[in-house]
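Single-letter residue listing:
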Amino acid sequence: MANASIGRFIVITGPMFSGKTSRLIEFLEREQFAGRKIILFKPKIDRRYSRLNVSTHKGITLPATVVPVDKRSLLDMKKLADSANVIGVDELQFWDNDSGIVEVLESMADNGKKVYAATLNRDHMGKPFENTVKALSVADEIHFLTAVCVKCGADATFSQRIIQGKESFGKRIMVGGKESYEPRCRRCFVWPK
Ligand code: ZN
């Protein structure tokens, strides 16, 4: 095929407050500038700021298609992605582990799409997210971002959940921002006991 483009799967990972969504948006804006057709997906579970836009902590936004995080949504995603050259996915870690999302994104790349996915490296217990592990192992390109540890200023790769000033554990998914999470380095991160 004369116009077939080469697909690529690009994964952006790191802890909270490392700028993953900003980086994802920068990548997509760069593609948009070249006239590439973009579609950006966002998980339905995340209702921070806006349901129709992907927002960075800095407040930059791009229109997004909000989809459920189970298997059901993947057929719709495939259909919607068909007419785009570039696919963006924010918060990949939120999709169900058995949804098959990573396989679908990889098959999009196999079919000539450029796929950018932003995903958290670890949960608040320090445990890797399954979708992230999978995505990193099949990626063509990885961007590992770090935040700054709020305790000591070192590069942070962990996301600590904080409730009323204290480290908090418990269920895995709890959407929140600065009031409930903080970036920490390996030394300052408190593991669950
Ligand atoms: Zn530290």
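Residues numbered from 1 in each chain as written. Predicted model: local features only at pLDDT ≥ 70, side-chain atom pairs only at ≥ 80, totals over all residues. Heavy atoms only, no water.

Caption draft 1: Expanded view of the packing of aromatic side chains. In total, this model carries four aromatic pairs according to the counting rule given. Aromatic side chains Phe 27 and Tyr 116 sit 5.0 Å apart centroid to centroid with 20 degrees between the ring planes, which places their arrangement in the stacked category. With a gap of 89 residues between them, Phe 27 in helix α1 (residues 20-33) and Tyr 116 in strand β7 (residues 114-120) connect regions that are remote in the sequence. When the centroid spacing of 5.6 Å and the interplanar angle of 80 degrees are considered together, the rings of Phe 158 and Trp 191 count as edge-to-face. With Phe 158 in strand β11 (residues 158-163) and Trp 191 in the segment after β13 (181-184), this pair connects stretches of sequence that are 33 residues apart. Members of the aromatic cluster, joined through ring pairs, are Phe 158, Phe 189 and Trp 191. (Phe/Tyr/Trp six-rings, centres within 6.5 Å; stacked < 30°, edge-to-face > 60°. Helix = DSSP H or I, 4+ residues; strand = E, 2+ residues; numbered from the N terminus.)

Caption draft 2: Fine view of the coordination of the zinc ion. The zinc ion binds to the protein through Cys 149 (SG), Cys 152 (SG), Cys 185 (SG) and Cys 188 (SG), with metal-donor distances spanning 2.3 to 2.4 Å. Looking at Cys 152, the relative accessible area reads 34%, which means it is partly exposed. (Donors = N, O, S within 2.8 Å, 3.2 Å for Na, K, Ca; no water. Buried < 20%, exposed > 50% of the residue type's maximum accessible area, 1.4 Å probe, protein only.)

Caption draft 3: Seen up close, the sheet that holds β11. Here we have three strands laid out as an open sheet, ordered β12-β11-β13, and antiparallel in their pairing. Both outer strands of the open sheet, β12 (166-167) and β13, are each paired with one neighbouring strand and no more. Both β11 and β12 contribute to a ladder of two bridges, which runs antiparallel. Within β12, the position partnered with Ile 162 by the bridge is Glu 167. (Pairing = 2+ DSSP bridges.)

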